[in-house]
Amino acid sequence: MSQQRVLPQSKETLLQSYNKRLKDDIKSIMDNFTEIIKTARIEDETQVSRATQGEQDNYEMHVRAGESLMKLVSDLKQFLILNDFPSVNEAINQRNQQLKSLQEECDKKLIALRDEISIDLYELEEEYYSSRYK
């Protein structure tokens, strides 16, 4: 992330959209908190039920704003996963290296096994052809 990357216009637009959504969601949460504080003041007894209803409504708005932020975080994670090609390529290259080393190890074991079987087969053939039971 230390190097600045030039993003295509669609990605830049998408990032600006995410930034706007983030600002809107945070503003919504701040407004909800402000309203919760306002409704917490009770001036007389007749306002208790109205204040309770207002508080419940504000809590619901707060939950919606929180859910919206969670959706934004999810979208940002998806954007990062789908568009972070250098780290994806690095992971693919690393996995390729692991598989190549495993393949080389298997090839070496197979060659050693082939050589052992070849030696044993040669000895068995020699024993068979030199025996009197052929």
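Reading the values: the criteria
Residues numbered from 1 in each chain as written. Predicted model: local features only at pLDDT ≥ 70, side-chain atom pairs only at ≥ 80, totals over all residues. Heavy atoms only, no water. Helix = DSSP H or I, 4+ residues; strand = E, 2+ residues; numbered from the N terminus. Buried < 20%, exposed > 50% of the residue type's maximum accessible area, 1.4 Å probe, protein only. Contact = heavy atoms within 4.5 Å. Areas by Shrake-Rupley, 256 points an atom, 1.4 Å probe, with all protein chains shown as cover. Polar contact = N/O pair within 3.5 Å; in protein donor to acceptor, adjacent residues only side chain to side chain. Patch = residues over 30% accessible without salt bridge, like charges linked within 9 Å, V, L, I, M, F, W, Y side chains within 5 Å. Salt bridge = Lys/Arg side-chain N within 4 Å of Asp/Glu carboxyl O. Lys, Arg positive; Asp, Glu negative; His and termini not counted. Core = buried A, V, L, I, M, F, W, Y, C linked by side-chain atoms within 4.5 Å. Phe/Tyr/Trp six-rings, centres within 6.5 Å; stacked < 30°, edge-to-face > 60°.

Caption draft 1: Quick peek at the overall build of the protein. What the protein contains, in helices and strands, is 3 helices and 0 strands. Counting from the amino terminus, the protein carries its helices and strands in the arrangement α-α-α. Residue burial in the protein is summarised as follows: out of 134 residues, 13% are buried. Across the protein, contacts joining residues at least 24 apart in sequence account for 73% of those joining residues at least 6 apart. Surface accessibility of the protein: about 11700 Å² in total, with carbon and sulfur atoms responsible for 57%.

Caption draft 2: Highlighting the environment of Ser131. Assignment of secondary structure puts Ser131 in the segment after α3 (85-130). Here the side chain of Ser131 touches Tyr128 through a polar contact of 2.9 Å, landing on its backbone oxygen.

Caption draft 3: Structural detail: a nonpolar patch on the surface. Taken together, the side chains of Leu22, Ile26 and Met30 present a nonpolar region at the surface, about 260 Å² in accessible area. Locating Ile26 in the fold gives a position in helix α1 (residues 9-40). Ile26 sits in the partly exposed class, given a relative accessible area of 42%.

Caption draft 4: Geometry of the side chain of Asp25. With respect to the helices and strands, the residue Asp25 is situated in helix α1. No salt bridge is formed by the buried Asp25; its nearest oppositely charged neighbour, Arg21, is found at 5.2 Å. With sequence-adjacent residues up to four places away left out, Asp25 is seen in contact with Ala65, Ser68, Leu69 and Leu72.

Caption draft 5: Quick peek at the nonpolar core. Membership of the largest hydrophobic core is limited to 6 residues, which are Tyr18, Ile29, Ala65, Leu69, Leu72 and Phe79. Looking at this core, the elements with two or more residues in it are α1 and α2 (47-83). Those residues in contact with Tyr18, other than ones at most four positions away along the chain, are Leu72, Asp75, Leu76 and Phe79.

Caption draft 6: Fine view of the side chain of Asp75. Within the secondary structure, Asp75 is located in helix α2. Since its relative accessible area comes to 10%, Asp75 is described here as buried. Among the polar contacts listed, one links the side chain of Asp75 to the side chain of Arg21, at a separation of 2.9 Å. Not counting chain neighbours up to four residues away, the residues in contact with Asp75 comprise Tyr18 and Arg21.

Caption draft 7: View of the pattern of salt bridges. Using the criterion set out here, one finds 6 salt bridges in the structure. We note a salt bridge from Arg21 to Asp75, for which the minimum N-O separation is 2.9 Å. One end of the pair, Arg21, is in helix α1; the other, Asp75, is in helix α2, and 54 residues separate them in sequence. Judged by relative accessible area, which is 27%, Arg21 ranks as partly exposed. Ionic pairing is found between Arg114 and Asp115, a salt bridge with its closest N-O pair at 3.2 Å. Connected through salt bridges with shared partners, the residues Arg21, Lys71 and Asp75 form a single ionic network.

Caption draft 8: Structural context of the packing of aromatic side chains. Taken as a whole and assessed by the stated rule, the structure comprises 2 aromatic pairs. Ring geometry for Tyr128 versus Tyr129: centroids 5.2 Å apart, planes at 70 degrees, classification edge-to-face. Take Tyr129: its relative accessible area is 54%, and that puts it in the exposed class.

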